[in-house]
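Observations on chain architecture
What follows is the residue order along each chain.
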Amino acid sequence: MESSRILTIEWDMMDKSRFFSLNLINSFFLRATLYPFTVIKTRLQIQKHRDVYRGTYDAFKKILHYEGFYGLYKGFWINTIQIVSGVGYIITYEKVRHLLTEYANIEDGRLKGLIGGGCGSLVGQTIITPFDVVSQHMMMLGQKSTSGVKSTETTNLLSVDFNQKYRRSVAAFIIKELYRKDGLKGFYCGYFASLYTYVPGSALWWMFYPLYSEWLASLLPVATSHLLIRCIAGPMGGISVCFITNPLDIVRARIQVQRMDSFLGTSILLWKEEGLGIFTKGVSARLVQSSIFSFLVVLGYETLKRWSVHDQYKDQIQCLKPGTCCVGTTRKLHHQRQYFQ
């Protein structure tokens, strides 16, 4: 086989143990870097109108002022379990794509990505939702208004005594309270809302990503690196998904934090409270987070795949050279992209 023939690093070409080890490390540092935007986004989504924060920058300043640096990382260690759900996502994604090729004779990469991405998102959300619920309750603790008074009416419904408890015991207290109030069902509050948000988000990203890649490729010089094109197309796809799914994400956050029962009822209430503001509420934090995360994930994922490929294929991989294309490789990225959230 000629070296120029391998344009896509397929799943069976990689050392899985090496790939997952490197991927876990990479995912952890990406999440640690961008986690403050998750906290800010969640608080902006939960507040009514602009009662506490006027925007992303204002929230950042007030959290630092009233709660210190730790305030930007509340719930971080619980939230990092999403790294494990990412493993479940990618395994499901790859297996579904393989089955569609082998048993359904589907060769269209976009269709396989669409179906595989949806199945992977379903598995990922099933794993992560309980941890997401706990971490979001932690994110809201200690929130203060402009007057310095705690805003607890709608953000601390579990009555966590945050001031007097050791930080390491807060998560345990929230878990006990959720179980006491609702049993195991309490840990899956907002599960279907999460599916309504993330499964369509995944499908839309698979649609936007190749479209933007092809559009950019048609505008830029032929010699432009396809890795560069992908690193631009990924964030563009993420930004598009952020605007479209933002109302769904706000509904999900409200259900999980404020323990609302109905997706439709929460949607109606939000519309009454915010009107067209549901399309922009918290979106600035999501855009910054998604853009940076998308860029770093695309760049890092391609590098990790090349580092993880079996030795016999290393001399045959040419996909990062100008003039070649391996757009299909980045169809495996969405397991990392919880920051459509």
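Anyway, here's the lowdown on the structure attached to this text.

Calculation criteria
- Residues numbered from 1 in each chain as written.
- Predicted model: local features only at pLDDT ≥ 70, side-chain atom pairs only at ≥ 80, totals over all residues.
- Heavy atoms only, no water.
- Axes fitted to C-alpha atoms, helices over the stretch in contact; angles between N-to-C directions.
- Helix = DSSP H or I, 4+ residues; strand = E, 2+ residues; numbered from the N terminus.
- Parallel < 35°, antiparallel > 145°, perpendicular 65-115°, else oblique.
- Left-handed = near helix turned anticlockwise from the far one by under 90°.
- Contact = heavy atoms within 4.5 Å.
- Core = buried A, V, L, I, M, F, W, Y, C linked by side-chain atoms within 4.5 Å.
- Buried < 20%, exposed > 50% of the residue type's maximum accessible area, 1.4 Å probe, protein only.
- 1 Å grid on protein atoms, 1.4 Å probe; cavity = no way out; pocket = protein on both sides within 12 Å on 5 of 7 lines; lining within 4 Å.
- Points joined across faces, edges and corners; volume = space filled by probe spheres on them.
- Nonpolar A, V, L, I, M, F, W, Y, C, P; charged D, E, K, R; others polar.
- Phe/Tyr/Trp six-rings, centres within 6.5 Å; stacked < 30°, edge-to-face > 60°.

One can describe the packing of helix α1 (residues 16-46) onto helix α4 (residues 82-103) by two numbers: an axis separation of 10 Å at closest approach and a directional angle of 135°. It follows from the interaxial angle that α1 and α4 lie oblique. Judged by the twist between their axes, the crossing of α1 over α4 is right-handed. Taken together, the residues of α4 that come into contact with α1 (itself represented by F19, F20, L24, S27, F28 and R31) are Q82, I83, V87, I90 and I91.

Here we come to the nonpolar core. Residues Y35, V39, I40, L44, Y53, A59 and I63 are the most contacted members of the largest nonpolar core, which totals 13 residues. The set of elements that each furnish at least two residues to this core consists of α1 and α2 (56-67). Y89, L204, L216 and I229 belong to the second-largest nonpolar core, a separate cluster that totals 11 residues.

In this section: the layout of surface pockets. The volume enclosed by the second largest pocket comes to roughly 340 Å³. The element that contributes the greatest number of residues to the lining of the second largest pocket is helix α7 (residues 191-219), accounting for four residues. Tallied by class, the residues present in the lining of the second largest pocket amount to nine nonpolar, three polar and four charged.

Glancing now at the packing of aromatic side chains. Scanning the entire structure with this criterion turns up 12 aromatic pairs. Measuring from ring centre to ring centre gives 5.5 Å for Y188 and Y191, while their planes differ by 80°; the resulting arrangement is edge-to-face. With a relative accessible area of 14%, Y191 lands in the buried category. Centroid distance Y191 to F192: 5.2 Å. Interplanar angle 65°. Geometry classified as edge-to-face. Following the ring pairs from residue to residue traces out a cluster consisting of F28, F29, Y35, F69, Y73, F76 and W77.

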